[in-house]
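# Structure at a glance
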Amino acid sequence: MTPSERGELSRFSDDAEQWLADAVPERWRSQRNSLSPAEVTEVRREWDKQLYRGGYAGLSLPREYGGQGMGLAEEVAFHELAARAHAPEGFGRIGKILTAPTLIAHGTPDQQARFLPGILSGEDVWCQGFSEPGAGSDLASVSTTARRDGNGYRVTGQKIWTSFADVADRSLFLARTDPDARRYRNLSMLLLDMKQPGVTVRPIKQISGTSHFAEVFFEDVWVGEEDRLGGEGEGWKVAMTVLQNERGAIEGITRYVEMRGDMDLLLRCCAAGTERAAVAEQFDVRLELVRWQVSKAVELVDDPVAFARATSVLKVTWSELWQEMTEFAIVGSCPEHQAHWRHQYLETRASSIYSGSSEIQRNIMAERVLGLPK
Ligand SMILES: Cc1cc2nc3c(=O)[nH]c(=O)nc-3n(C[C@H](O)[C@H](O)[C@H](O)COP(=O)(O)OP(=O)(O)OC[C@H]3O[C@@H](n4cnc5c(N)ncnc54)[C@H](O)[C@@H]3O)c2cc1C
């Protein structure tokens, strides 16, 4: 980054920090833990709209598509500041980070005109309908079918672990359109309307008591041909664009800030000079390594292969560190914080599974970083 780019980034960050200080809703700041689930949903939906009004939606999307035309560095800086300001997490993540860049890469002008404005303004919430009971790491095994019917498709099957399914208007949806075609040529990407008859969403309660995702059933659900993203049978190619856009650096920085809060608490909980304090200090050093890895990933964003390698290492580093930290904290922590650590311990179990499990990330590192044979 040149000195002038650094100056611009610093000015952007100052403005964003000021905006966040004014924009984060007071009731979220002061009464967050006493809000009902319906009120939390309301705050999160409104937050997406506030981001748009403030000019902070689609920071790294090109201007001609309604974005702000900035880079990943600004996007990461904003997410870090928002997490530090305890801003609500909106519902726009799948729409803005995954769907919008994929629409720009593969969509028709009509699809871009119909869907991008709603994604950016926060009016439309999107979910990602990829995983199924028999297809997770092995995504190409998706078996939900989209059967040809006139000028569209009838979709039947089941998705699982779908984040935001209970509030989503649309799904970026991978389905099998040709039961006879060979693997990787038998899938299509659909932009499926979640608010139609035949779609049944059943939230799944997680081990921590929260409910981040749902199982979703589809019975003869209609998708018009104009809502197929990319060609028929080209769903795998489109899915690869989606996965490339998972943008591990944004997730990495958000988690870093959350983990920093846990880390500061852990350091306060361990009496100075004890063996526990020494272990906590080691965690602290490893956490700063996460921050450094985020910066390295941002520098590599224009080199897709190096960026994918960097974000795989980053994902494994933060997710496993967080699990180790909470595992350490839950045993022997002061009674005052027991409930917090119990919750965090359970909540972090999922972190080494979503956005590609640790085993899958290690496969990527073995093959693409170390060059080991498959
Ligand atoms: C909180 C959360 C949110 C999620 N949100 C979404 C969402 O919005 N949309 C969506 O589509 N999905 C979502 N998922 C699903 C997620 O993408 C999958 O759980 C993940 O891809 C793993 O798939 P699976 O659960 O089917 O496990 P499997 O793929 O069955 O894996 C089981 C175990 O085997 C290991 N394994 C599998 N293949 C290999 C291999 N080749 N080599 C070594 N080990 C292997 C895995 O690492 C894992 O430990 C979410 C998951 C979580 C936990």
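Rules used throughout
Residues numbered from 1 in each chain as written. Predicted model: local features only at pLDDT ≥ 70, side-chain atom pairs only at ≥ 80, totals over all residues. Heavy atoms only, no water. UniProt positions renumbered as here; feature names shortened; annotations may be inferred. Helix = DSSP H or I, 4+ residues; strand = E, 2+ residues; numbered from the N terminus. Rg over C-alpha atoms; globule rule 2.2 N^0.38 Å. Buried < 20%, exposed > 50% of the residue type's maximum accessible area, 1.4 Å probe, protein only. Contact = heavy atoms within 4.5 Å. Areas by Shrake-Rupley, 256 points an atom, 1.4 Å probe, with all protein chains shown as cover. Lys, Arg positive; Asp, Glu negative; His and termini not counted. Charge placed at Lys NZ, Arg CZ, Asp CG, Glu CD. Salt bridge = Lys/Arg side-chain N within 4 Å of Asp/Glu carboxyl O. Near = heavy atom within 4 Å. Polar contact = N/O pair within 3.5 Å; in protein donor to acceptor, adjacent residues only side chain to side chain. Phe/Tyr/Trp six-rings, centres within 6.5 Å; stacked < 30°, edge-to-face > 60°. Domains from an automatic or database assignment. Expected span 1.5 Å × (residues − 1). Bend = angle between axes of the 7 residues up to and from the residue. Core = buried A, V, L, I, M, F, W, Y, C linked by side-chain atoms within 4.5 Å. Patch = residues over 30% accessible without salt bridge, like charges linked within 9 Å, V, L, I, M, F, W, Y side chains within 5 Å.

Under an unreviewed UniProt entry, the protein has the name Acyl-CoA dehydrogenase family protein and belongs to Amycolatopsis echigonensis. For the protein, the Sequence similarities (unreviewed entry) comment in UniProt is given as "Belongs to the acyl-CoA dehydrogenase family." Recorded in UniProt under Cofactor (unreviewed entry), the annotation for the protein is "FAD".

### Quick notes on the overall build of the protein
When you go through the protein residue by residue, the secondary structure sums to twelve helices and eight strands. A globule of 374 residues ought to have a C-alpha radius of gyration of about 21 Å, and the protein, at 21 Å, matches this closely. With the C-alpha coordinates aligned to their principal axes, the bounding extent of the protein is approximately 70 × 45 × 40 Å. For the protein, the proportion of its 374 residues judged to be buried stands at 48%. Within the protein, residue pairs in contact and separated by at least 24 positions form 72% of the contacts whose partners lie at least 6 positions apart. By element, 51% of the accessible surface of the protein is carried by carbon and sulfur atoms, the whole surface being about 18,300 Å². One finds the centroid of the 43 positive side-chain charges in the protein at a distance of 2 Å from the centroid of its 54 negative side-chain charges.

### Notes on the pattern of salt bridges
Overall, the coordinates contain 28 salt bridges when judged by the stated rule. Salt-bridge contacts for R148 lead to E232; the nearest nitrogen and oxygen are separated by 3.4 Å. Here R148 is found in strand β2 (residues 145-149), whereas its partner E232 is found in the loop between β8 (228-229) and α7 (235-244), with 84 residues between them in sequence. Its relative accessible area of 37% is what places R148 among the partly exposed residues. Overall, E232 belongs to the partly exposed group, its relative accessible area being 40%. A salt bridge links R228 to E225; the nearest nitrogen and oxygen atoms lie 3.9 Å apart.

### Things to note about the site of the ligand
Close contacts around the ligand come from 16 residues, with S131, S137, W161, S357 and E359 the closest. Here an oxygen atom of the ligand and a backbone polar atom of F130 are 3.1 Å apart. At a separation of 2.8 Å, a nitrogen atom of the ligand approaches a polar side-chain atom of S163. For the ligand, whose accessible area on its own is 980 Å², the fraction buried by protein is 65%. When residues of the shell around the ligand are traced back to their parent elements, those giving at least two are β3 (152-163) and α12 (358-369).

### Thoughts on the packing of aromatic side chains
The final tally for this structure, using the stated rule, is 13 aromatic pairs. Measuring from ring centre to ring centre gives 5.5 Å for F115 and W126, while their planes differ by 90°; the resulting arrangement is edge-to-face. Note that F115 is positioned in helix α6 (residues 109-121) and W126 in strand β1 (residues 126-129), a separation of eleven residues in sequence. W126 matches F115 in its accessibility class, with the two residues each being buried. Ring plane angle 70° and centroid distance 4.8 Å describe the contact between F173 and F218, whose orientation is recorded as edge-to-face. With a gap of 45 residues between them, F173 in strand β4 (residues 170-176) and F218 in strand β7 (residues 213-224) connect regions that are remote in the sequence. Neither residue differs from the other here; F173 and F218 are each classed as buried. Each residue in the set F12, W19, W47, Y56 and F78 is aromatic and connected to the rest through ring pairs, giving one cluster.

### Considering the UniProt feature "domain: Acyl-CoA oxidase/dehydrogenase middle" (unreviewed entry) in the protein
Summarizing the sequence annotation, UniProt attributes the feature "domain: Acyl-CoA oxidase/dehydrogenase middle" (unreviewed entry) to residues 127-221 in the numbering used throughout. The distance from the first to the last C-alpha atom of residues 127-221 is 16 Å, and the span holds 0% helix and 52% strand.

### Concerning the domain arrangement of the protein
Frequently, the measure chosen for interface size is the accessible area that the parts lose on association. The assigned domain composition of the protein is domain 1 (3-90), domain 2 (126-234) and domain 3 (246-369). Computed over C-alpha atoms only, the centres of domain 1 and domain 2 are separated by 30 Å.

### Thoughts on the environment of L116
Relative to the elements of secondary structure, L116 occurs in helix α6. In this structure, the C-alpha to C-alpha distance between L116 and G67, residues 49 residues apart in sequence, is 9.4 Å. In contact with L116, not counting residues within four places along its chain, are Y65, A100, L103, I104 and Q111.

### Quick look at α6
Side chains of residues three or four places apart in an α-helix project in the same direction, reflecting 3.6 residues per turn. With 13 residues, α6 extends 18 Å from end C-alpha to end C-alpha; this agrees with the ideal 18 Å at 1.5 Å per step. Taken as a whole, α6 carries its principal kink of about 30° at F115; the proline P117 stands between one and four residues after it. Among the residues of α6, those classed as buried are Q111, Q112, F115, L116, G118, I119, L120 and S121. Contacts made by the buried residues of α6 are with α3 (37-53), α5 (93-106), β1, β4, β5 (187-193) and β8.

### Observations concerning the side chain of Q50
Tracing the chain through its elements places Q50 in helix α3. Once you skip the residues sitting within four places of it in the chain, Q50 turns out to touch W19, A23 and P25.

### A look at the nonpolar core
Ranked by internal contacts, the top residues of the largest apolar core, which has 101 residues, are L20 and F78. The contacts of F78, once residues within four sequence positions are left out, are F12, A16, W19, L20, L51, Y56 and L59.

### What to know about a nonpolar patch on the surface
On the surface, V369, L370 and L372 cluster together into a nonpolar patch covering about 280 Å² of accessible area. As for its position among the elements, L372 is in the segment after α12. Assessed through its relative accessible area of 45%, L372 is described here as partly exposed.

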